[in-house]
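Chain residues, written in single-letter form:
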Amino acid sequence: MKILIFATLLLISINGQSQNKNVLKTTETTTTTIKDSDGEKKLVKTQETQEVQKIELKEANPNSLNIEMKDSPVQVTKTTQITNADGSTRTVDVDRSGYFLGDNNTKYKVSLDSQGYIISSDETKKPDLLRKTSTNSYIYRNKNSTAISYFDVDGNLVVETYNFKTDSVEQKKYMRVK
């Protein structure tokens, strides 16, 4: 009985060790300091990237000691964590920050803030807001209207607004600048 238990434990430990992986973790931290009438606030953005590659071996050649490694796919996981000035922390799965082109080739900057995103441009005094909903879309709010928005598969920002006069939904697409 002791031999059976020992053999089982040995097989489990060998199986656990045989699943080798190459893992590369990188962390990038950005600290932004904002000065306003309330004082100085610090926002900390930490982006962690993890690349995992399973090690697979080619077939062994007879009379050789070393076995070459096969190319295998790499799984990349990115996590962005934002710490606000008040100490609260939120995690963002995909960071959509960047520059977008709107009507008349106006360039907009979309950047993370404490509750979603801020959309700003040289022409606007007060930035527009994007707030995440539970259905993987965003509430878009500016000084004139409130609308629903989302990022399409190409990373472009699509804003859908309801028109009361025509009883229809109008779409505006902001193209991502690469």
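Residues numbered from 1 in each chain as written. Predicted model: local features only at pLDDT ≥ 70, side-chain atom pairs only at ≥ 80, totals over all residues. Heavy atoms only, no water.

Visitor: Got a minute to help me understand the sheet that holds strand S9 (residues 138-141) in this structure?
Guide: Paired through their backbone hydrogen bonds, the strands of a sheet run either parallel or antiparallel. Read around the closed barrel, 8 strands run S5-S6-S7-S8-S9-S10-S11-S12, paired in antiparallel fashion. For this sheet, the mean angle separating the axes of adjacent strands, direction not counted, is 30 degrees. As judged from the 4 bridges shared by S9 and strand S10 (residues 146-151), these two strands associate in the antiparallel manner. Looking at S10, one finds that Ile-139 is bridged to Ile-148. (Pairing = 2+ DSSP bridges. Helix = DSSP H or I, 4+ residues; strand = E, 2+ residues; numbered from the N terminus. Axes fitted to C-alpha atoms, helices over the stretch in contact; angles between N-to-C directions.)

Visitor: Hey, could you run me through the side chain of Thr-49 in this one?
Guide: Relative to the assigned elements, Thr-49 resides in strand S2 (residues 39-54). If near-sequence neighbours (up to four positions away) are discounted, Thr-49 is found in contact with Leu-24, Lys-25, Thr-26, Val-76, Thr-77 and Lys-78. (Contact = heavy atoms within 4.5 Å.)

Visitor: Would you take a moment to explain the nonpolar core for this structure?
Guide: Inside soluble globular proteins, nonpolar side chains tend to come together where they are buried. The biggest cluster of nonpolar side chains holds 16 residues, and the ones touching the most others in it are Tyr-117, Ile-119, Leu-130, Tyr-140, Leu-157 and Tyr-174. Elements with a contribution of two residues or more to this core: strand S6 (107-112), strand S7 (116-120), S9, S10 and strand S11 (157-163). (Core = buried A, V, L, I, M, F, W, Y, C linked by side-chain atoms within 4.5 Å. Buried < 20%, exposed > 50% of the residue type's maximum accessible area, 1.4 Å probe, protein only.)

Visitor: Teacher, can you tell me more about the packing of aromatic side chains here?
Guide: In this description, an aromatic ring pair is defined by two values, namely the gap between the centres and the angle between the planes. This structure, assessed with the given rule, holds 6 aromatic pairs. When the centroid spacing of 6.2 Å and the interplanar angle of 45 degrees are considered together, the rings of Phe-100 and Phe-151 count as tilted. Of this pair, Phe-100 sits in strand S5 (residues 98-101) while Phe-151 sits in strand S10, and the two are 51 residues apart along the sequence. Owing to a relative accessible area of 1%, Phe-100 belongs among the buried residues under this scheme. On the accessibility criterion, Phe-151 (11% relative accessible area) is buried. Measuring from ring centre to ring centre gives 5.4 Å for Tyr-108 and Tyr-174, while their planes differ by 85 degrees; the resulting arrangement is edge-to-face. (Phe/Tyr/Trp six-rings, centres within 6.5 Å; stacked < 30°, edge-to-face > 60°.)

The values reported here are purely geometric and, on their own, carry no functional implication.
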